[in-house]
Amino acid sequence: MSTAATAPQRRGRGGRERILLAAAQLFATQGINTTGMEQVAEKAPVSKRTLYAHFRTKNDLVLAHLQDLASSGATLESVLTREDIPPRERILGLFDPGSLDRPTAETSPVRGCPFIDAAAEFPDPGSAVHAYAREQKLRMVRLVTALVTELGCREPTELAEQLVTLADGAASRAMVLDEADYGRHARAAAEVLLEHALSASGE
């Protein structure tokens, strides 16, 4: 899941950056397909000519938005690459309220994983947006697999799939229920899975 930016300002930012900030907020609050390019240009604010100079099509903008989220460290998966906390805590960090996206203020609705949201709005598996979302979800399971392998767990690939399924499911339910700390339920299940895997490894 991502932490979308607040309303961008004209001063002090380049056109492309302002466009991506505007798109991030609009996509998070009202969805991708219901957001028009004119809305993005107005919110950025930039001229439509500038918008289309940077992003030839809306699909190009959506893909760039997802790539920007992935590189910014503002998504659900970003906790997995933090080297300042132990592997087990990185995994459990997937279920913390801070990993969920609130696009603007405390009163804003909770959003789910932006990659899952994008894949749902671009259901064709062959589309560039859907393919990129799938790539990020596969990267997530690779990261978790590496962490549970480091912990010494047996059958790390299977365990990783179970853990990311819990994380994605919790994020989706948190969005539907608008409950930022819903992940606590999945975290409890993840702790049981990890404890069982670690105890089995020590037999």
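For the structure itself, consult the block above.
Note that the structure is a prediction, hence the values are computed from the model and not measured.

*Asks:* Hey, could you run me through the layout of surface pockets in this one?
*Replies:* Remark: the empty space left among the atoms is shown by a probe the size of a water molecule rolled over them. Put simply, the second largest pocket is a space of about 150 Å³. Around the second largest pocket sit R154, E155, E158, L159, Q162, L193, H196, A197 and A200, which together line it. Those elements that provide at least two residues to the lining of the second largest pocket are α8 (156-177) and α9 (183-201). Grouping the constituent residues of the lining of the second largest pocket by class yields four nonpolar, two polar and three charged.

*Asks:* Help me understand the packing of helix α6 (residues 114-121) against helix α7 (residues 128-151) in this model?
*Replies:* Each packed pair of helices is defined by two parameters, the angle between the axes and the distance between the axes. Two numbers describe how α6 lies on α7: the axes approach to 8 Å, and their chain directions differ by 150°. In terms of their interaxial angle, α6 and α7 are classed as roughly antiparallel. In the crossing of α6 with α7, the sense of the turn from one axis to the other is left-handed. Taken together, the residues of α7 that come into contact with α6 (itself represented by F115, I116, A118 and A119) are V129, H130, Y132, A133, Q136 and K137. Residues that form the contact of α6 with α7 fall into these classes: seven nonpolar, two polar and one charged.

*Asks:* What's the story with the nonpolar core in this structure? I'm lost.
*Replies:* Side chains of a nonpolar character, in soluble globular proteins, are inclined to be buried together. By size, the foremost hydrophobic cluster in this structure holds 27 residues, and its most contacted members are I19, V40, L51, F55, L61 and L66. For this core, the secondary structure elements donating two or more residues are α1 (15-30), α2 (37-43), α4 (58-72), α6 and α7. By residue number, the principal contributor to this core is α1, which donates six residues. The residues touching L61, leaving out its near neighbours within four places in the chain, are I19, L20, A23, F27, M37, V40 and F55. Among the nonpolar cores identified, the runner-up in size contains 24 residues, and L80, I91, F95 and M140 belong to it.

*Asks:* Hey, could you run me through α8 in this one?
*Replies:* In an α-helix there are 3.6 residues to a turn, and that puts residues three or four apart on one side. Along its 22 residues, α8 runs 31 Å from first to last C-alpha, staying within 8% of the 32 Å computed at 1.5 Å per residue. Here α8 has its buried residues at L159, A160, L163, V164, A167, D168, A170, A171 and A174. The arc that holds every buried residue of α8, seen down its axis, measures 160°, which confines them to one face. The exposed residues of α8 that point more than 90 degrees off its buried face are T165 and V176. Looking one or two residues past α8, D178 carries a phi angle of roughly 55°, positive in sign.

*Asks:* Explain the packing of aromatic side chains here, please?
*Replies:* Each pair of aromatic rings is reported with the distance of its centres and the angle of its planes. The full count for this structure, using the stated rule, is one aromatic pair. Considering the side-chain rings of F115 and Y132, the 6.4 Å spacing of their centres and the 65° angle between planes classify their relative orientation as edge-to-face. In this pair, F115 sits in helix α6 while Y132 sits in helix α7, placing the two residues 17 residues apart along the sequence. Accessibility assignment for this pair places F115 and Y132 in one class, buried.

Conventions adopted
Residues numbered from 1 in each chain as written. Predicted model: local features only at pLDDT ≥ 70, side-chain atom pairs only at ≥ 80, totals over all residues. Heavy atoms only, no water. 1 Å grid on protein atoms, 1.4 Å probe; cavity = no way out; pocket = protein on both sides within 12 Å on 5 of 7 lines; lining within 4 Å. Points joined across faces, edges and corners; volume = space filled by probe spheres on them. Helix = DSSP H or I, 4+ residues; strand = E, 2+ residues; numbered from the N terminus. Nonpolar A, V, L, I, M, F, W, Y, C, P; charged D, E, K, R; others polar. Axes fitted to C-alpha atoms, helices over the stretch in contact; angles between N-to-C directions. Parallel < 35°, antiparallel > 145°, perpendicular 65-115°, else oblique. Left-handed = near helix turned anticlockwise from the far one by under 90°. Contact = heavy atoms within 4.5 Å. Core = buried A, V, L, I, M, F, W, Y, C linked by side-chain atoms within 4.5 Å. Buried < 20%, exposed > 50% of the residue type's maximum accessible area, 1.4 Å probe, protein only. Expected span 1.5 Å × (residues − 1). Arc of directions from axis to C-beta. Phe/Tyr/Trp six-rings, centres within 6.5 Å; stacked < 30°, edge-to-face > 60°.

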